[in-house]
Amino acid sequence: MPLPLRARIAALVLTLLIVLAACGAQPAATPAQSAATSDEAVPVTNALDLANWDSVVAAARGQTVNWYIWGGSESINRFVDDFYGVPLREQYGITLNRVPLADTVDAVNQVLSEKEAGVDPGAVDVIWINGENFLSLKQAEMLYPDWSRELPNAQYVDWDNPAIYLDFGEPVLGLESPWSSAQFQFIYDSARMEADELPRSYAELLEWAKANPGRFTYIAPGPGAFQGTRFVKGALFELSGGADQWLSFDQALWDEHAPQLWAYLNELKPYLWRAGETYPADENELHSLFANSEVDFSITQAIAGAGPLISEGLVPETARAFVFDDYMIGDFNYLAIAKNAPNKAAALVLANLILEPELQAAQILPENGFGLGYAIDVTRVTDAAQLAALNAAQAQLGAAATPAEDLAQSLVGDSAGEYQSLVEAGWRENVLIGE
Amino acid sequence: MRNPSLRIWLTLAPALLVTGVLFGASVFYAVAQSLGYLSIIGETRLSFAAYGNVINQATVAGRELWAALGFSLWVSGAATLLSATGALILAATLSGSATPPRRSTLLALNANLALPHLVWAIALLLLFSQSGLLARIAAALGLIDLPAEFPVLVRDRYGIGIIVHYVSKEIPFLALIVLAILRTQGNTYTAVAATLGAGPWVRLRRVTLPLVLPGLAAGALLVFAFIFSAYEVPALLGVSYPRALAVLALDYFLNPDLSRRAEGMAISLIMALVVVGVAGLGRVFGERE
């Protein structure tokens, strides 16, 4: 029966073509549908007037803000929902849609693909971002410009601080607004070691490692593992005798000091965990080596020190944070708004809400689950009650945190952005691969 | 529809169309990006610079390329060879016994297919790492003083952990293929050989192997291509250096410097070429047999 078969094949092919055509049309339509209010939002967005904040708040009412945020920590997820989701809904009539990511680069790729496909409005409103991901989106010109210094709460932010207006050495301009701060610190286990046995400089660390072979390692520097890059940069600062000279890029300076850096790290290498044959790829891998007693130190960026890690059960309860006497790199992390964001007004309200002094005070407390430091400059807060809350929170950090004066004494800014890839590529070549 | 070959093509058309459009478009984009066509940063000039960079070791990606290529070939070659041998012996043993393989045995082999690679890799890590279950048991029993003295079996420089992973996953897969072939052949050939006085080794070598070789070779090629281009297991069970090609390619594709993407794509296409080359070699040898 040739005819029915032919007819069936024809029907099948036809159906398939229709399905394919529908698929082809889908991507352009989906984001618009998912952002229910985008039809009204687009014309309003174009007219957003940051000088008239009430008009922004009015435009934001009823919107859903899609916040793409690293979702690897349950406690941070809960903090975001409780401390930002609730006030957004109750005070501003905004729904917070937290989109958890395995890695922030996924949000970057989402926005870049949307740009390639010409999708506007897109799916992403806000991204928790800094460093290389910021650089990628800035390079692709996919960030909403000229807003972060115009927020009402930008008055609390010290925009004259290079650690704030430079993100990994890259000028922030008005492209992102700070959320919190972090500083490189080590973690040790007070049940295993006394505080006075701790190394307090890179030179002492080398001595310590020689006396305790196999008990120390650091995170492999590279894109996505900035903690490792920071560890290496700190060594560079100490070996070259200062951090400030690295704030602007100077190839000759790098060429002069890089050999010393590789020599130091190669001298350290045989005394590392697994003799430097391999390195942990990220913070979590190092935490588990530390918790399993394979190594004696871990690394964190949280101002609350080991506190948030203890409450997550990643490290023992006796874990404590500490710093060297100098060259512990600190930085800020930010919120950025995608250029094709469907709900820009709501995104602006969220970025502004995050800088409220009460919420800033809440974010540093380990029991709230976030544990990163202030984005605002406490001295700029004039309201007495708010100031008291900020100071009280600072005083409550507890034993697992590095004392505030140690942090302040050792704090240095990150080096100019150009050094990032020099350090990472040079480390792979000169230390990991070696001769 | 008198023409049978036209009929075959028409029946295949729906499937071809889907793979053609989806796969073809990705390959097209991959080639374009490897040639430096990166519309996201407004780069539209085409050149072979990325290929030159990785092959001439001009950039860091290039300096790792040959080590990564060697590592990937070693891991996928060794794992494929061991899996094929293991599968052949397992299948021959299962079908050689007087009673047919029990349902539970087949179920165990099938269940392995449903277990994701990622899950199995993490299980191996929890078992074999130096702070893993076995290290702790050995330390508790006093066989070693510290868990850290446990031999390095995963995240080792030679890819032993990765090979162990794939061998344990692919033996059941290939064994199922071989068993399916053997089931259609029945036991008659081996039975005849046995009555003529052939021992088990001779039967395997002279009877079973020639019967299953075409199917086993095709399956082994599939396994090789899969392992050679796999990302997650080498990423989990591998070391920082040398890395597998797929890990290297993704690292460069995700590099914050968007212009590095071309190099990541070039590495991916080099991987594809190697797989196509191995498949071609397999075909040539297959036809000569």
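Residues numbered from 1 in each chain as written. Chains lettered and ligands numbered in written order. Predicted model: local features only at pLDDT ≥ 70, side-chain atom pairs only at ≥ 80, totals over all residues.

### Side note on the overall build of chain B
Okay, step 1: Along the backbone of chain B there are twelve helices and zero strands.
Okay, step 2: If you list the helices and strands of chain B from N to C, you get α-α-α-α-α-α-α-α-α-α-α-α.
Okay, step 3: In terms of overall dimensions, chain B has a C-alpha envelope of 75 × 75 × 30 Å along the principal axes.
Okay, step 4: In chain B, which comprises 289 residues, the share counted as buried stands at 33%.
Okay, step 5: A fraction of 67% describes how many contacts in chain B between residues 6 or more apart in sequence connect residues 24 or more apart. (Helix = DSSP H or I, 4+ residues; strand = E, 2+ residues; numbered from the N terminus. Buried ≥ 20, exposed ≤ 12 C-beta atoms within 10 Å, placed from the backbone. Contact = placed C-beta atoms within 7 Å.)

### Observations regarding the packing of helix H8 (residues 188-195) of chain B against helix H9 (residues 200-229) of chain B
The relative placement of two packed helices is expressed as an angle between their axes plus a distance between the axes.
All names here are of chain B.
Okay, step 1: Viewed as axis vectors pointing N to C, H8 and H9 meet at an angle of 160°, and their least axial separation amounts to 10 Å. As the angle between them shows, H8 and H9 are arranged roughly antiparallel. Handedness of the H8/H9 crossing: right-handed. Packed against H8, whose contacting residues are Tyr-189, Thr-190, Ala-193 and Ala-194, the element H9 presents Arg-203, Arg-206, Val-207, Thr-208 and Leu-211 at the interface.
Okay, step 2: Residue composition of the contact of H8 with H9, by class: five nonpolar, two polar and two charged. (Axes fitted to C-alpha atoms, helices over the stretch in contact; angles between N-to-C directions. Parallel < 35°, antiparallel > 145°, perpendicular 65-115°, else oblique. Left-handed = near helix turned anticlockwise from the far one by under 90°. Nonpolar A, V, L, I, M, F, W, Y, C, P; charged D, E, K, R; others polar.)

### Some thoughts on the nonpolar core
Generally speaking, a soluble globular protein has its nonpolar side chains buried in company with each other.
Okay, step 1: Membership of the largest hydrophobic core comes to 126 residues, with the highest contact counts inside it found for A:Ile187, A:Ala336 and A:Leu350.
Okay, step 2: By size, the runner-up hydrophobic cluster in this structure holds 52 residues, among which are B:Ala84, B:Phe128, B:Leu174 and B:Ala230. (Core = buried A, V, L, I, M, F, W, Y, C linked by C-beta atoms within 7 Å.)

### Remarks on unusual backbone geometry
Okay, step 1: Of note, the amide linkage connecting A:Asp120 to A:Pro121 takes the cis form, showing an omega dihedral of 5°.
Okay, step 2: Structurally, A:Pro121 is set in the loop between helix H5 (105-117) and strand S3 (126-129).
Okay, step 3: Here the amide bond leading from B:Tyr241 into B:Pro242 is cis, since omega sits at -5°, within 30 degrees of zero.
Okay, step 4: For B:Pro242, the position within the fold is in the loop between helix H10 (232-237) and helix H11 (245-253).
Okay, step 5: For B:Arg155, which is not glycine, the phi torsion reads 50° and is therefore positive.
Okay, step 6: Turning to its location among the elements, B:Arg155 is positioned in the loop between helix H6 (133-140) and helix H7 (160-185).
Okay, step 7: Here B:Arg155 falls in the buried class, since 24 other C-beta atoms lie within 10 Å of it.

Keep in mind these numbers describe shape, not what the thing actually does.
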